[in-house]
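So the chains spell out like this:
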Amino acid sequence: MPVEWSPPKFEAVDPQKDGMANLLSIRSGTMTLAEVIAKQGRNPDAVLAEIAATNAKLDALGLVLDSDPRRVTKTGSAQTGDPANDPAADEADTDDPAADAETDPAQADQQD
C-alpha cells in the first residue's frame, strides 16, 4: 500500500519573506507548486482541487478578485491577455491568423 507523508508545517518567523522565497523557487523552476504546498503540511492534490473549484465558482459568478493572477497583475491591473477583460475578444474572428500575430509572447513575462 503506497503511503505519502508530509512533515508538519514549519511556522515561519517572517511569512512574507518565506512566501517570496517560495514564489521565486516556483518561478525559477527549483521547486514545484506541489512541493511548496506539501512543505506547508497540506495535500497538494486537495489544495489544487480546492483552487480549481473556487476559480470555477468565481468565473461562473462573473467575479474577479484582485488576488486572481489569471485575471489581475500583482499591482491590481487587469491582465492584458485575459479574454474576460477584452470586449473586442467576443467580436474577433477566431479563424483569422493575423489576429494571433498581434499577441506578443514577451508581454506574458511582463504581466506579473
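Residues numbered from 1 in each chain as written. Predicted model: local features only at pLDDT ≥ 70, side-chain atom pairs only at ≥ 80, totals over all residues. Heavy atoms only, no water.

**Things to note about the overall build of the protein**
Then step 1. When its secondary structure is counted, the protein shows five helices and zero strands.
Then step 2. When its helices and strands are written in sequence order, the protein yields α-α-α-α-α.
Then step 3. Of all 112 residues assigned to the protein, the portion counted as buried reaches 13%.
Then step 4. Taking the contacts inside the protein whose residues are at least 6 apart along the sequence as the reference set, 25% of them involve residues at least 24 apart.
Then step 5. Total accessible area on the protein stands at roughly 9,100 Å², and carbon and sulfur atoms take up 57% of it. (Helix = DSSP H or I, 4+ residues; strand = E, 2+ residues; numbered from the N terminus. Buried < 20%, exposed > 50% of the residue type's maximum accessible area, 1.4 Å probe, protein only. Contact = heavy atoms within 4.5 Å. Areas by Shrake-Rupley, 256 points an atom, 1.4 Å probe, with all protein chains shown as cover.)

**Digging into a nonpolar patch on the surface**
Then step 1. Together, Ile 26, Leu 33, Leu 48 and Ile 51 line one region of the surface with nonpolar side chains, adding up to about 300 Å² of accessible area.
Then step 2. Checked against the element boundaries, Ile 26 lands in helix 1 (residues 15–28).
Then step 3. On the basis of relative accessible area, Ile 26 is assigned to the partly exposed category, the value being 31%. (Patch = residues over 30% accessible without salt bridge, like charges linked within 9 Å, V, L, I, M, F, W, Y side chains within 5 Å. Salt bridge = Lys/Arg side-chain N within 4 Å of Asp/Glu carboxyl O.)

Without other data, these values stay purely geometric and don't point to any function.
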